[in-house]
Structures are given as C-alpha cells and as structure tokens.
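# Architecture and fold: a report
Below are the chains, spelled out letter by letter.
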Amino acid sequence: MFCRNFIQKGFVDMSLHRKPMPVPDAVNSVMNYKKKAEGEILPLEFCDNRTLAEDIVATHPVPPFNKSPYDGFALRSEDTEGLSKEKSGQFRVTETVGAGHRASRPIKEGEAVRIMTGAEIPSGADCVAMFEICQTYEQDGQSWMSLKRPMEVNQNIIQQGSETKESDVLVEAGTKVNPGVKALLATFGYSDVNVYKKPVIGVFATGTELLDVDEPLEPGKIRNSNAYMIVSQVKRAGGEAHYFGKLEDDFDVCYQSVSEALDKVDVLITTGGVSVGDYDLMPDIYEKLEADVLFNKVAMRPGSVTTVASYQGKLLFGLSGNPSACYVGFELFTYPIILSYLGRSEPFHQRIQATLGKDFKKPNPFTRFVRGYLRYQEGRVIVDPVGMDKSAVVSSLAHTNVLIMLPGGTRGYEKGDNVEALLLEDQTGQESF
Ligand SMILES: Nc1nc2c(c(=O)[nH]1)N[C@H]1C(S)=C(S)[C@@H](COP(=O)(O)OP(=O)(O)OC[C@H]3O[C@@H](n4cnc5c(N)ncnc54)[C@H](O)[C@@H]3O)O[C@H]1N2
Ligand code: MOO
Ligand SMILES: [Mg+2]
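Residues numbered from 1 in each chain as written. Chains lettered and ligands numbered in written order. Predicted model: local features only at pLDDT ≥ 70, side-chain atom pairs only at ≥ 80, totals over all residues. Heavy atoms only, no water.

## Some details on the overall build of the protein
Convention followed: Numbered from the N terminus, helices here are DSSP runs of H or I no shorter than four residues, and strands are runs of E no shorter than two. Type-normalised accessible area, obtained with a 1.4 Å probe on protein chains alone, sets the label of each residue: buried when under 20%, exposed when over 50%, and partly exposed for intermediate values. Using a 1.4 Å probe, accessible areas were evaluated by the Shrake-Rupley method; residue-level cover was limited to the displayed protein chains. Under the counting rule used here, the positive set is Lys and Arg, the negative set is Asp and Glu, and His together with the chain ends is not counted. Charge placement uses NZ in Lys and CZ in Arg. For Asp and Glu, CG and CD serve respectively.
For the protein, the count of helices and strands is 6 helices and 24 strands. Across its three principal directions, the C-alpha atoms of the protein cover 115 × 50 × 40 Å. When each of the 433 residues of the protein is scored for burial, the buried share is 46%. Roughly 22600 Å² of accessible area belongs to the protein as shown, and the carbon and sulfur atoms make up 49% of that amount. Each charge class in the protein can be summarised by its mean position, and for the 46 positive and 58 negative side chains these summaries are 5 Å apart.

Here it is in structure tokens:
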C-alpha cells in the first residue's frame, strides 16, 4: 500500500499537492449521496423537534360542531326582531350547557339556553347573546332572560368546519415538530406519530495529543474538544450522535476502529488527521478501505482540508482537527446530509443578506466562513465577526450563531459592507420586552 509516511526525504511527494474544489461543487458532490431515512412511530409526547414522515391530515372538521365563542345565552335570532331599549324581549331559560355537555332538547320559540364558551350550540338556536348584554331574573321559580337588542343569524357562533375542513392537509411531511405542530397532532388524534428516524452519526476524535475532559493538562497535550462539539452539532441538526471515543495516531488502531464503526452508523465523522502531516492517517485509511474520495481540499477557510469519501454508499466526513475548521466543515457538508435524512426539503442553512458590523481587512484567495454573531440594530441585520479568526481557535465558537461568507479575492471587507451569512441557530433574545 502506498503510504506517504514512507516517502524518502528529497523527493517531492505529489500527493501533498491537492487541488482545491470550489465550495458549491464540494457541497453538490456530497449531496449526490443524500438519502432519506425510514419512518418510525413515536408516541406524541416524544416527537418534539423530530421531523414528520407523514402529512397531518384533518381527521374531522374544526370545530367539529357549531360552538359558542362566549359565555351567554343561545337563542333564535328571529325571536329578537324589533327589540330595542324601549322594547325588551323576555326569554324562558330552559337549561345551562357547559363545554362538554349538550342541550337536552332543541330550543323552541321564546326560549334561551344558558351556554358557556366552547359548548355546542343547541339545535334550533342560531345566535348567542353575551352575558354582558343580558339581564336575568327569577319569576315563579322559573329563570328568565331579558334582552334589549336584536341579534343576527349566526351572530357569535363558530361554525362547524369554519377553521378546517375534514381531509385538509394541514402540515406536510418533512416539517419539524414544534409546539404548534404538536397542537395539531393532538387535535386530530395522532397519539402515535410517524417521524423520520434520526440518522446515526458516528464520531471519532483522532490524535495522540488528546486528553479526556476529566484529565489534567499534561505538557504537549490538549483536551479533546472537537468530539463534544461535533456531538452537539449532530444533535442540533437533529441526528443521533454515537461517540466512539478518541483514537491515537496509529494506523492499525485507526483503520480497525473506523472499519468496525462503519457497520454501526449511517454516516461517520472523524476529526483530525486529514492534512499532509506524518501522522495524518485518514488519507491512507480511505485508500486502504478503497473508499471513493470526493474531495480532499476545498477552496475555503477555515476547513480547507475537509475531506469527504464514500464507502459502500456511506459518507465518511474527515473533518479537520483544528476546532474552527472542524466546526465549519460540519455545518457546510454534514449538516445538509443530516437534514436530508430527516426528509427536509430545504436542507441547507438559510442564507441571509446582512451588514458587516466590523472591518475584516484580511484578504484571502479562498472563500472565508467567518464565525459571527447576528444582531438587529435599527431595523437592520448586522453580523459581527467574533473572536480571533483562525482555524486553530476554539474560543470564538461559543459566540457563533452565523457563518459570515466572505468570497475570496484580493481585498478585505469593511464595516457597512453588504455580506451574506448562514444562519446556524436562532437563540438570540433581548434583555427586556
Ligand atoms: N504542510 C501543510 N500543513 C498543514 C496544511 C497544509 O495544507 N500543508 N493545512 C493546515 C490546515 S489548513 C489545517 S486546518 C490543519 C488540519 O490538520 P488535520 O485535520 O490534519 O488535524 P490534526 O493535524 O490532527 O490537528 C490539527 C490541530 O487540531 C488539534 N486537534 C485535533 N483534534 C482535536 C480535538 N479533538 N479537539 C481539539 N483540538 C484538536 C490538534 O492538536 C492540532 O493542533 O493542518 C494544517 N497543516
Ligand atoms: O483547513 Mo484549514 O483551512 O486552516 O482550517
Ligand atoms: Mg494534521
């Protein structure tokens, strides 16, 4: 097997010279492998944030019966004709109907039913007068209601089916379940919901320098932050992360672990070891697996070393070890694949126009994906670069909610420039209402 590590000094190794692929081409080449997950049935209470694998169809009209929007009296509008301040009408109150109950018999001429909000309109009644415009009194053991104004047919009645007809498609498959979707599922009796299965995304961190989170720092070593970051990114995207642990930079260990893990996942992510260093083993692992490498260099910063390969129909994402590069590589290439598994018709991060909030003077031949923070100011959308903009930086990621896209070129960018940004999450609030 060809292995870069054994190339003798003095020769120029052509495998070091990688041809960068433009970002859109790289994204498209990955999306050629997109798949849709199968559905699974979940109890309604467990389907938050999952994606519907079936349309929500109205199983009955809403409301299912004519109902009262107010607490008041249901009566016949024709009995109120000509009523006025001077000429009140007297109605015999036959019974009281609360929501969930029905009148015992149809209403007759001169009668009224005391009715509560949400209760079914008694047959024969065609309007509801709110309590506020009615007066009540007792006479000879009988309840009466007096009204001083005429009512119209259908006044204060929510008609059966006025909101939704039976068989209407209300929410389409591929929609994420939010509280409103959940309310609809409950309305129509979807106690079990068909949602797309979460794709299982395996994660390995590679690097002999990596310590576990609970280990004290040692000279030359760092704690493994990427694995936790990626697992979080997978969850934020809606996937099921399976963290297999960290691997030292040993070919046999890495090859063995990666090939075994491939059977257990839909997609495999590794972080680290994709560049051209002596201990960057992923290129050799793809070669030994006979995986088809879609690209091993992308015309972007950070994350230029991002490598994606396909092996027996499964995608292997070789993300950079540098934290910022790893983060960006995931959001550009892995995120839309996860959303495709989830049946989402718009699997990419939303791309918005915004105003750059700070200068970004450093030009670069490659497109930059600057970690940024979106804010609103006087009706404008502002995106500010956050923290140091270096591939090896981890601290700026904590403040990142957008990736500011700065196309490559010979000039830098200035505060006030119009730029595009990819929205990663929408969790910005404000201090007061
Ligand atoms: N001669 C060249 N050297 C490098 C090139 C190049 O084109 N020619 N590309 C540079 C670029 S760009 C990047 S990005 C990095 C990519 O490196 P690798 O993906 O091979 O990653 P490693 O070498 O394993 O590690 C890089 C860096 O990241 C740290 N790291 C690794 N894993 C983790 C983790 N799980 N958590 C936190 N930090 C991690 C690691 O310690 C290194 O500092 O290559 C450049 N070199
Ligand atoms: O692969 Mo890089 O471009 O510094 O992150
Ligand atoms: Mg390396």
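Next, the rest of the story.
## Some thoughts on the sheet that holds strand S5 (residues 111-115)
The condition is simple: Strand pairing requires that DSSP identify at least two bridges connecting the strands. All axes are obtained by fitting lines to C-alpha atoms, using only the stretch in contact for helices, and the reported angles, taken between N-to-C directions, cover 0 to 180 degrees.
Taken in spatial order, the 6 strands of this open sheet run S6-S3-S5-S4-S8-S7, and their pairing is mixed. A single partner strand is all that each edge strand has here, and the edge strands are strand S6 (127-130) and strand S7 (134-139). The average undirected angle you get between the axes of adjacent strands in this sheet is 40°. Judged from the 5 bridges that link them, strand S4 (residues 89-97) and S5 form a sheet pairing that is parallel. Bridge assignment links Glu95 to a residue of S5, and that residue is Val113.

## Considering the coordination of the magnesium ion (ligand 3)
Worth spelling out the cut-off: Here a donor is an N, O or S atom found within 2.8 Å of the metal, or within 3.2 Å if the metal is Na, K or Ca; sites may look incomplete because water is not among the atoms.
Around the magnesium ion (ligand 3), the donor atoms from the protein are Asp280 (OD) and Asp280 (OD), and they sit 2.3 to 2.4 Å away. With respect to the helices and strands, the residue Asp280 is situated in the loop between strand S15 (267-271) and helix H5 (282-289).

## Remarks on the site of ligand 1
Formally: If even one non-hydrogen atom of a residue comes within 4 Å of a molecule or strand, that residue is called near it. Here a polar contact is taken to be a pair of N or O atoms separated by no more than 3.5 Å, where protein atoms must pair a possible hydrogen donor with a possible acceptor and residues adjacent in sequence count only if both atoms sit in side chains. Under the scheme applied here, ten amino acids are nonpolar (Ala, Val, Leu, Ile, Met, Phe, Trp, Tyr, Cys and Pro), four are charged (Asp, Glu, Lys and Arg), and all others, including Gly, are polar.
Neighbouring ligand 1 are 23 residues; Glu209, Asn224, Gly273, Ser275 and Gly321 lie closest to it. Take Asn226: an N or O atom from its main chain is 3.2 Å from a nitrogen atom of ligand 1. Asn322 has a polar backbone atom sitting 3.3 Å from an oxygen atom of ligand 1. Relative to its free-state accessible area of 870 Å², ligand 1 is covered by the protein chains to the extent of 69%. Those elements giving two or more residues to the shell around ligand 1 turn out to be strand S11 (200-206) and strand S13 (222-223). Its residues placed into classes, the shell around ligand 1 shows 6 nonpolar, 12 polar and 5 charged.

## A closer look at the packing of aromatic side chains
Let me state the cut-off plainly: A pair of Phe, Tyr and Trp rings is counted when the ring centres sit within 6.5 Å of each other, with Trp represented by its six-membered ring. The angle between the planes then sorts it: under 30 degrees is stacked, over 60 is edge-to-face, the rest tilted.
Evaluation of the coordinates by the stated rule reveals 5 aromatic pairs. Where Phe73 meets Phe131, the ring centres are 5.5 Å apart and the plane angle is 70°; that geometry is what we call edge-to-face. Of this pair, Phe73 sits in strand S3 (residues 72-75) while Phe131 is found in the loop between S6 and S7, placing the two residues 58 residues apart along the sequence. Phe73 sits in the buried class, given a relative accessible area of 1%.

## Quick notes on the nonpolar core
The line we're drawing: Think of a nonpolar core as a cluster: buried Ala, Val, Leu, Ile, Met, Phe, Trp, Tyr and Cys residues, connected wherever their side-chain atoms sit within 4.5 Å. A domain assignment, automatic or from a database, supplies the domain bounds used here.
By size, the foremost hydrophobic cluster in this structure holds 42 residues, and its most contacted members are Val30, Phe317, Phe330, Phe333 and Phe369. Counting only elements with at least two residues in this core, the list comes to helix H1 (23-31), S11, helix H3 (226-237), S15, strand S16 (292-295), strand S19 (314-319), helix H6 (323-341) and strand S23 (402-406). For this core, the element with the highest residue contribution is H6, accounting for 11 residues. Taken domain by domain, this core gets at least three of its residues from each of domain 1 (2-37 + 198-341) and domain 4 (351-423). Grouped together as the second largest cluster of nonpolar side chains are 20 residues, Leu247, Tyr255, Ala261 and Tyr286 included.

## Concerning the site of ligand 2
Within the structure, ligand 2 sits among Arg301, Pro302, Gly303, Ser304, Val305, Ala325 and Ser391. Within the side chain of Arg301, a nitrogen or oxygen atom sits 2.8 Å from an oxygen atom of ligand 2. One of the side-chain N or O atoms of Ser391 is found 2.6 Å from an oxygen atom in ligand 2. Of the residues contributing to the shell around ligand 2, the split by class is 3 nonpolar, 3 polar and 1 charged.

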